[in-house]
Protein chains: 2
Amino acid sequence: MLTITESEHRISHMQRRLQESGISGALFMFPIDIYYFSGTRQNAALWMPAEGVPILFVRKSLTRARAESPLVDIRPFPSGKEFPTLFSDEIITIGMTFDVIPVQQFNYYTKVLPGRKFVDISPIIREIRSVKSNAELEKLRSGAEKLCSVFSEVPQFLKAGMRELDLAAEFEYRLRKAGHEGYVRMRAFNQELAGGLAVSKGGTAHGCFDGAVTGKGLSCASPQGASLEIIPENEPILLDYAGVFGGYISDMTRIFVIGSLDTRLQEAFDVAISIQSAIQQAMIPGAIAENLYLLALQMAEKAGLDSCFMGLPGEQSKFVGHGVGLELDEFPILAKGFNMPLQAGQTIAVEPKFVIPGKGVIGIENTFIVSGHGGLKVTDIPDEIVFIKP
Amino acid sequence: MLTITESEHRISHMQRRLQESGISGALFMFPIDIYYFSGTRQNAALWMPAEGVPILFVRKSLTRARAESPLVDIRPFPSGKEFPTLFSDEIITIGMTFDVIPVQQFNYYTKVLPGRKFVDISPIIREIRSVKSNAELEKLRSGAEKLCSVFSEVPQFLKAGMRELDLAAEFEYRLRKAGHEGYVRMRAFNQELAGGLAVSKGGTAHGCFDGAVTGKGLSCASPQGASLEIIPENEPILLDYAGVFGGYISDMTRIFVIGSLDTRLQEAFDVAISIQSAIQQAMIPGAIAENLYLLALQMAEKAGLDSCFMGLPGEQSKFVGHGVGLELDEFPILAKGFNMPLQAGQTIAVEPKFVIPGKGVIGIENTFIVSGHGGLKVTDIPDEIVFIKP
């Protein structure tokens, strides 16, 4: 449960930013943004004036919102007629998250609140949410421990001859029993994730996912993750899963091999480890996110692996890490064009990977906390490839 | 894979509707709408002129789009500068799905395509998609068979003393092994679903989900579905799961009891079955969707159960069924205010349920096809409560 102190701290931070930007208040509609401030994930809207007490308007469930949230002003959702009476004439500029609010919603609110100027505050809320409090880090750490413990069990159930789908089912079963909440939230339009990837050969399929690996998936409608391909010996098997515990996502990847591995793939893996290590050292407050990606790219180039870094040749992703928290694709992104300096307490999944056509997918991923000493590893089990006897 | 014939049929249907509405063309950006016409789910946009050949613009993956789609004109995604050159001056009115397109996307396209009028076509595409072809019904039927077979296995693994979460994990494991694609798509803003519900006592929790039952869930961030509550004897255990196979969703609910059941709950269950039966008979082309909901409500009233029909007293949902297909919340909705006449080939999950405070959740759900003979049951296993010996 969100404490009063933490809720107030988050709200005052947001209000300060609204004041600095000359915005009268923020009208949040996206559930996970509302959860961040209110501690309850309902079908609701949250009005946060730049100064004063926020109001949570709840469609469903008002009872649960009141039971879970430390906010003091929680009301039934107003009708279109009531809405304008709640907003004084001094409220001129209203912030909304244009990145996730559908046009229909936007049109509705601009109609019931005429004469106001609506502005996009998505970069502000995303930046605020990117820096985690101690309570958030505690949730993330304890979730990561559970995710790690399922990764540690993989040698018990991974067998040659099983389908990628069987491996996915075994992994997901254990993750769920450990308390994984089942739904991995993504903010980006057009992206969705069914938990993770359990892939061998299917991992080299072309795909829509904005990541190094999409997976072949089970149909053209769900072209992502595990497929019906049989897992062979002597090839890399990539497990990339996000675990959601208490709402917080940790994300990691490990490589498993039944038998032995092609030297070229082992070399590519070693490059991925070196890249991860260089980024981990550089993950200090003030470091520019883009520079970390460029550093990774440079190291891949030096190793002659730039053409298959972060994706199949010609369809590569232009990042090497992404913020994680209540969503899988939070700020900051270690990506081309992302010039924000890192801040202490940001949590980033770093995932240098190579997709080598005809050979396989290989790489590493861990979730780190940005600190003065570099990245603190949260998904704290060994990085090495796990070799299993055939 | 989507055949050329079926793709052409779907496109010409949409084009006819665009022409009738005086719209120059539709610019689809929402992945599952694009999938419906193109047979490929990529990060893409689909331009469909009211007359002529559609163009699929693909960000990622162009290779996979070309391998999967029967469309003839598939191109790399144009830059902001190239975009306007692709649209002639005769294109005046452009349709978009305002229900799902974020404001940022909308603003981008109105900027690169200046001087055009943008209109909402979400009701049109939702109506078109609601009527399933034979090929779609075949996918839905074969998926429903797999879902049913997992429901039939429940007595093998349901035990008193296990947590709701354990029951969910066991069910989801088998569903996944059967080929469930892992991600249940919902269209409505503010809604999300982690597969389904496995609930006993936790089922009576207040919740955000727009359905009869939300479940207590595992945390305030994920307040839905199974919780850590222990499954007891002599109480209804509700399993409500959506299976996704080949992209198509079938949805069903069954009640299980370890031991015996309170007479009042058994009576409520019998009322749910009567309601389902009345709706099934009335599900013929031309029947008004709202009337089926009113019929259900009337029957619940007559049985003295209206205060707990479709939810906890005071927080009840105002529907008794919803279209299913590529999304869980398709048209038509058997709901207050939904005045569309049913059409043959629409697929609807009918789910009369009661939430009785302090007692439990009980009801039934099956997926039906609208036909001249009434609803054809797709999730074809017995409806009866499954009693398991303690």
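Residues numbered from 1 in each chain as written. Chains lettered and ligands numbered in written order. Predicted model: local features only at pLDDT ≥ 70, side-chain atom pairs only at ≥ 80, totals over all residues. Heavy atoms only, no water.

Draft legend 1. Just the overall build of chain A, in detail. Looking only at helices and strands, chain A has 10 helices and 17 strands in total. Here the C-alpha radius of gyration of chain A, 22 Å, is about what a compact globule of 390 residues would show, namely 21 Å. Seen along its three principal axes, the alpha-carbon backbone of chain A occupies a region of about 70 × 40 × 35 Å. For chain A, the proportion of its 390 residues judged to be buried stands at 65%. Put simply, 67% of the contacts in chain A that link residues at least 6 apart link residues at least 24 apart. In the form shown here, chain A has an accessible surface area of approximately 13,700 Å², with 53% of it arising from carbon and sulfur atoms. For chain A, the distance from the average site of its 37 positive side-chain charges to the average site of its 44 negative ones is 5 Å. (Helix = DSSP H or I, 4+ residues; strand = E, 2+ residues; numbered from the N terminus. Rg over C-alpha atoms; globule rule 2.2 N^0.38 Å. Buried < 20%, exposed > 50% of the residue type's maximum accessible area, 1.4 Å probe, protein only. Contact = heavy atoms within 4.5 Å. Areas by Shrake-Rupley, 256 points an atom, 1.4 Å probe, with all protein chains shown as cover. Lys, Arg positive; Asp, Glu negative; His and termini not counted. Charge placed at Lys NZ, Arg CZ, Asp CG, Glu CD.)

Draft legend 2. Structural context of the domain arrangement of chain A. Residues and elements named next belong to chain A. When the domains of chain A are assigned, the result is domain 1 (4–129) and domain 2 (131–388). The distance between the C-alpha centroids of domain 1 and domain 2 comes to 34 Å. Each side of the interface is counted separately: domain 1 has 17 residues, and domain 2 has 17 residues. Surface buried jointly by domain 1 and domain 2 totals about 1,400 Å² across both partners, of which 44% is contributed by carbon and sulfur atoms. For domain 1, the biggest contributors to the area lost against domain 2 are Arg126, Glu127 and Arg129; these three give 46% of the whole. Here domain 1 is connected to domain 2 by 5 salt bridges. Across the pair Arg187 and Asp33 runs a salt bridge whose closest N-O atoms are separated by 3.0 Å. (Domains from an automatic or database assignment. Buried area = accessible area lost by both parts, 1.4 Å probe. Salt bridge = Lys/Arg side-chain N within 4 Å of Asp/Glu carboxyl O.)

Draft legend 3. Quick look at the pattern of salt bridges. Counted according to the given criterion, the structure contains 56 salt bridges over all chains. Note that Arg187 of chain A and Asp99 of chain A form a salt bridge whose closest N and O atoms lie 2.6 Å from each other. Of this pair, Arg187 of chain A sits in the loop between α8 (164–177) and β7 (196–199) while Asp99 of chain A sits in the loop between β5 (93–96) and α5 (103–112), and the two are 88 residues apart along the sequence. For the pair formed by Arg187 of chain A and Asp99 of chain A, the shared burial category is buried. The closest approach of N and O atoms between Glu172 of chain A and Arg176 of chain B, which form a salt bridge, is 2.7 Å. Taken as a pair, Glu172 of chain A in helix α8 and Arg176 of chain B in helix α8 (residues 164–177) lie in two separate chains rather than in one. Looking at Glu172 of chain A, the relative accessible area reads 19%, which means it is buried. Salt bridges linked by common partners bring Asp33, Asp99, Arg129, Lys132, Arg187, Glu327 and Glu330 of chain A together as one network.

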